[in-house]
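Chain and residue survey
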Protein chains: 2
Amino acid sequence: MTKKTNTELIAKEIEEKILNLEYKPGQIITECEISNKYNISRTPCRDIFQKLKSIGLIDSIPFKSNFISLLDFDIIKQSIFMRTTLEKEVIKNFVQIATPKDLIDLEYNLQLQNLLIKDQFNPEEFYKLDCEFHKIWFNTTNNLFIWEQIDKAQAQYKRFRMLDIVEVQNFEAIVEDHKLLISFIKNKDLVNIENHITSHLNSGIKRLQAKISSELSLYFK
Amino acid sequence: MTKKTNTELIAKEIEEKILNLEYKPGQIITECEISNKYNISRTPCRDIFQKLKSIGLIDSIPFKSNFISLLDFDIIKQSIFMRTTLEKEVIKNFVQIATPKDLIDLEYNLQLQNLLIKDQFNPEEFYKLDCEFHKIWFNTTNNLFIWEQIDKAQAQYKRFRMLDIVEVQNFEAIVEDHKLLISFIKNKDLVNIENHITSHLNSGIKRLQAKISSELSLYFK
DNA sequence: CAGTGGTCTAGACCACCGA
DNA sequence: CGGTGGTCTAGACCACTGG
């Protein structure tokens with residue numbers, strides 16, 4: 001059992017509500033509101049806001065108000081580019097040194113994804129599986145630190161992903177992508193892997209682009 | 001003039017002392033010591049420690065003590081790999097779109113580096129110039145967010161760099177590297193750029209490796 | 001002016017370590 | 001048991017916004 005303080009739990013809860021889009025981008029969130037709601041004083045409340053600001057989920061207008069940060073298409077593009085570039089390089093390495101166990105782990109994760117989309121679909125659960133899937137190559141190539149950095153850089157992108165999943169209902173396409181990727185990895189087909197990673201990580205943009213300037217525009221900068 | 005609170009200034013000061021190696025890796029640093037020294041209470045002190053922990057410059061043994069984090073060779077290798085990979089990709093882009101102004105800026109920065117090593121050498125000033133130099137391609141390719149992420153990931157690496165500069169006195173080699181790089185960029189010589197970036201960013205490891213297991217070993221994990 | 005954030009003090013209580 | 005960190009409360013004062 002992981003040890004968590006009350007404040008950490010609350011921070012996590014709020015973070016998840018932001019990532020879920022339960023708190024909408026642009027929505028104002030006050031310290032007062034949180035400290036009343038969870039019955040805590042300002043010090044822990046401040047810690048929470050500080051943390052969420054540091055990962056870019058909350059922005060503030062000094063001396064006025066805090067609000068859920070708007071999505072920034074430019075930052076999302078950069079984080080996708082960053083991730084694509086790193087992941088391609090890491091996976092190149094991975095195919096050279098992947099053990100049978102790694103391949104089995106990938107397949108296993110894929111089966112779980114299949115199960116999830118057939119059974120009771122749950123965006124958060126799916127997102128978690130997807131992360132675990134990609135994490136495998138960072139782990140075996142001994143690049144977990146890089147994975148952590150990517151993860152930290154992706155607070156913006158996560159909300160975008162969630163929009164993608166819930167708005168476009170694309171989970172089947174994602175699973176299909178993963179399936180293809182595994183086959184390329186097994187064949188050590190570097191060229192296809194590179195192309196596939198690029199298109200896989202960029203597919204969200206393609207799917208969502210149309211909606212960004214219309215119905216979702218108020219969530220963006 | 002930038003507006004800074006007292007606490008932020010203190011945090012910055014301590015951060016710099018850590019990066020300078022004025023606070024040695026492994027050295028114990030207590031909240032008590034800081035709050036007395038700067039005459040502040042525990043809340044701001046805690047903020048400072050929290051910040052430094054979050055960027056990996058301070059580690060703690062729970063309920064016992066905080067100490068300046070040890071350098072971790074594995075993390076340093078990963079952050080160099082991360083940076084090399086991203087920077088190669090960005091610079092490929094840069095050579096396609098660089099304006100004359102960009103090239104002049106690079107040259108200008110190089111001249112300042114030259115001046116610095118001939119005149120009064122100052123490691124921190126040199127480090128800053130070096131950052132500005134590399135930042136140029138991230139800026140014009142519209143990838144400043146990525147540069148920020150790299151910077152954040154490099155708290156460990158920065159101390160390593162400082163060791164490199166002060167222990168090995170390598171500044172002339174670095175300036176020479178930069179000079180070569182500019183010429184490759186002007187010629188849009190992609191192959192040489194890639195190789196050069198890789199060797200440039202990895203040169204610190206080569207230079208320091210011998211000392212890591214001997215005289216500097218107590219700074220490492 | 002009230003409301004909010006920004007910063008800080010003073011002090012409390014608990015968990016854990018090591019002498 | 002004393003020292004340290006880990007967490008939190010209560011409340012203070014200031015800076016700034018906007019009605």
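Everything below is about the structure shown above.
Below is a summary of the structure that appears in this document. (Residues numbered from 1 in each chain as written. Chains lettered and ligands numbered in written order. Predicted model: local features only at pLDDT ≥ 70, side-chain atom pairs only at ≥ 80, totals over all residues. Heavy atoms only, no water.)

1. As for the overall build of chain A
A tally of regular secondary structure across chain A gives 10 helices and two strands. Its helices and strands taken in sequence order, chain A reads α-α-α-β-β-α-α-α-α-α-α-α from the N to the C terminus. At 19 Å, chain A has a C-alpha radius of gyration in line with the 17 Å of a compact globule built from 221 residues. Along the first, second and third principal axes, the C-alpha atoms of chain A reach 55 × 45 × 35 Å. Taking all 221 residues of chain A together, the buried fraction comes to 48%. Of the contacts formed within chain A by residues at least 6 apart in sequence, a portion of 72% connects residues at least 24 apart. As displayed, chain A offers around 11200 Å² of accessible surface, 54% of which is attributable to carbon and sulfur atoms. (Helix = DSSP H or I, 4+ residues; strand = E, 2+ residues; numbered from the N terminus. Rg over C-alpha atoms; globule rule 2.2 N^0.38 Å. Buried < 20%, exposed > 50% of the residue type's maximum accessible area, 1.4 Å probe, protein only. Contact = heavy atoms within 4.5 Å. Areas by Shrake-Rupley, 256 points an atom, 1.4 Å probe, with all protein chains shown as cover.)

2. Regarding the relation of the copies chain B and chain A
Both copies of the chain are related through a single rotation about an axis accompanied by a shift along the same axis. Mapping chain B onto chain A calls for a screw motion: a turn of 180° about the axis and a shift of 0.0 Å along it, with 0.0 Å RMSD after fitting. Those values place the two copies in the arrangement expected of a two-fold rotation axis. Looking at the interface residues of chain B, 100% of them are also at the interface in chain A, so both copies use one shared face. (Least-squares fit on C-alpha atoms with pLDDT ≥ 70 in both.)

3. Describing the nonpolar core
Looking at soluble globular proteins, one finds that nonpolar side chains tend to be buried together. Grouped together as the largest cluster of nonpolar side chains are 97 residues, with contacts concentrated most on Trp137(A), Ile185(A), Phe220(A), Trp137(B), Ile185(B) and Phe220(B). Sequence-distant contacts of Trp137(A), defined by excluding residues within four places in its chain, comprise Glu87(A), Val90(A), Ile91(A), Phe94(A), Leu106(A), Leu181(A) and Ile185(A). (Core = buried A, V, L, I, M, F, W, Y, C linked by side-chain atoms within 4.5 Å.)

4. With respect to the pattern of salt bridges
Residue and element names in this part refer to chain A. Taken as a whole, this structure holds 28 salt bridges over all chains when the rule is applied. For glutamate 31, the salt bridge is made with arginine 42, and the minimal N-O distance between the two is 3.2 Å. Of this pair, glutamate 31 sits in helix H2 (residues 31-37) while arginine 42 sits in helix H3 (residues 42-54), and the two are 11 residues apart along the sequence. Judged by relative accessible area, which is 61%, arginine 42 ranks as exposed. The salt bridge partner of arginine 83 is glutamate 87, with a shortest N-O separation of 2.9 Å. Taken together, the residues arginine 83 and glutamate 87, both in helix H4 (residues 73-97) and four residues apart, mark about one turn of the helix. (Salt bridge = Lys/Arg side-chain N within 4 Å of Asp/Glu carboxyl O.)

5. Some thoughts on a negative patch on the surface
The grouping of Glu16(A), Glu22(A), Glu124(A) and Glu125(A) at the surface amounts to a negative patch. Within the secondary structure layout, Glu16(A) lies in helix H1 (residues 6-19). (Patch = residues over 30% accessible without salt bridge, like charges linked within 9 Å, V, L, I, M, F, W, Y side chains within 5 Å. Lys, Arg positive; Asp, Glu negative; His and termini not counted. Charge placed at Lys NZ, Arg CZ, Asp CG, Glu CD.)

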